[in-house]
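Structural overview
Here is what each chain is made of, one letter per residue.
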Amino acid sequence: MDGRQESNTSEATRVNCLKKTWQSWSKDHVEYQRQNPFSNATLPNNQRLDVQSPEYGRPKAGSHTEERGKDAHRHVGKELEELCLVIKTVGVLGDDGHTKVTFGRLFETYVNISNKLVGILLRGRKHGLLKFEGEMLWQGRDDHVIITLIQQCI
């Protein structure tokens, strides 16, 4: 074999390898799109999303997305614990046995710790740890709003 034929053969092999790789990726992508309920591809067997399914609205088990979600949940939990500790530290024990603090006082103290105070307050209320009036608290406007620590953080 001369050099030119050998070069053409190795080039053809590389092209075939690339072609196989591309076709494999394409086949996998088509299958993924069939399973993806948000794509325009038709779902097999008229498959529909089951909102009652425990997997509905959740990332695939073992995926990086699931792991990032768990990490975020742990991080927010730690921030919530820290917020409860700050409320106990700067707040005043009321006649009902619950610690209370105004949003203004809490904001002054907590702003040096984190810039997510309002979000963590909402999370604490959602979990039944805190109580306060209003949907959203705004610095300046809601400085007088009393935040009550209902129960100790986890």
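Here we summarise the structure given alongside this text. As the structure is a computational prediction, the values presented were derived from the model and not from experiment. (Residues numbered from 1 in each chain as written. Predicted model: local features only at pLDDT ≥ 70, side-chain atom pairs only at ≥ 80, totals over all residues. Heavy atoms only, no water.)

1. Describing the side chain of E79
Within the secondary structure, E79 is located in helix 2 (residues 64-90). Among the polar contacts made by the side chain of E79, one reaches the side chain of K116 at a distance of 3.4 Å. (Helix = DSSP H or I, 4+ residues; strand = E, 2+ residues; numbered from the N terminus. Polar contact = N/O pair within 3.5 Å; in protein donor to acceptor, adjacent residues only side chain to side chain.)

2. Some words on the packing of helix 2 against helix 4 (residues 117-126)
Where helix 2 contacts helix 4, the two axes come as close as 10 Å, and the packing angle between them is 90 degrees. It follows from the interaxial angle that helix 2 and helix 4 lie roughly perpendicular. Contacts from H73, V76, E79, L80 and L83 in helix 2 reach L117, I120, L121, R123 and G124 in helix 4. Here the contact of helix 2 with helix 4 is built from residues that sort into six nonpolar, two polar and two charged. (Axes fitted to C-alpha atoms, helices over the stretch in contact; angles between N-to-C directions. Parallel < 35°, antiparallel > 145°, perpendicular 65-115°, else oblique. Contact = heavy atoms within 4.5 Å. Nonpolar A, V, L, I, M, F, W, Y, C, P; charged D, E, K, R; others polar.)

3. Quick look at the packing of aromatic side chains
Taken as a whole and judged by the stated rule, the model has two aromatic pairs. Relative to F107, the ring of F103 lies with its centre 5.8 Å away and its plane at 55 degrees, an arrangement referred to as tilted. With a gap of four residues between them, F103 and F107 both fall in helix 3 (residues 103-110), about one helical turn apart. The buried category is assigned to F103, whose relative accessible area is 0%. When the ring centre of F132 is taken as reference, the NZ or CZ atom of R125 above it lies at 4.2 Å. (Phe/Tyr/Trp six-rings, centres within 6.5 Å; stacked < 30°, edge-to-face > 60°. Buried < 20%, exposed > 50% of the residue type's maximum accessible area, 1.4 Å probe, protein only. Lys NZ or Arg CZ within 6 Å of the ring centre and 35° of its normal.)

4. Side note on helix 3
Looking only at helix 3, the buried set comprises F103, G104, L106, F107 and Y110. Buried residues in helix 3, looked at end-on, bunch into an arc of 165 degrees, giving them a common side. (Arc of directions from axis to C-beta.)

5. Details of the nonpolar core
Within the largest apolar cluster, 21 residues are counted, with the highest numbers of intra-cluster contacts made by L83, I87, L106, L117, L121, L130 and I147. Secondary structure elements with two or more residues in this core: helix 2, helix 3, helix 4 and strand 4 (146-149). Contact partners of L121, with chain neighbours within four places excluded, come to L83, F103, L106, L130, F132, L137 and I147. (Core = buried A, V, L, I, M, F, W, Y, C linked by side-chain atoms within 4.5 Å.)

6. Looking at the sheet that holds strand 2 (residues 99-102)
Read from one edge to the other, the open sheet built from four strands follows the order 1-2-4-3, with strand pairing classed as antiparallel. Of all strands in the sheet, those bounded by a partner on one side alone are strand 1 (92-93) and strand 3 (130-131). By the bridge criterion, four bridges tie strand 2 to strand 4 in an arrangement that is antiparallel. Across the sheet, the residue bridging to T99 is L149, located in strand 4. Along the sheet face, helix 3 touches strand 2 and strand 4 and points at about 85 degrees away from the line of strand 2. (Pairing = 2+ DSSP bridges.)

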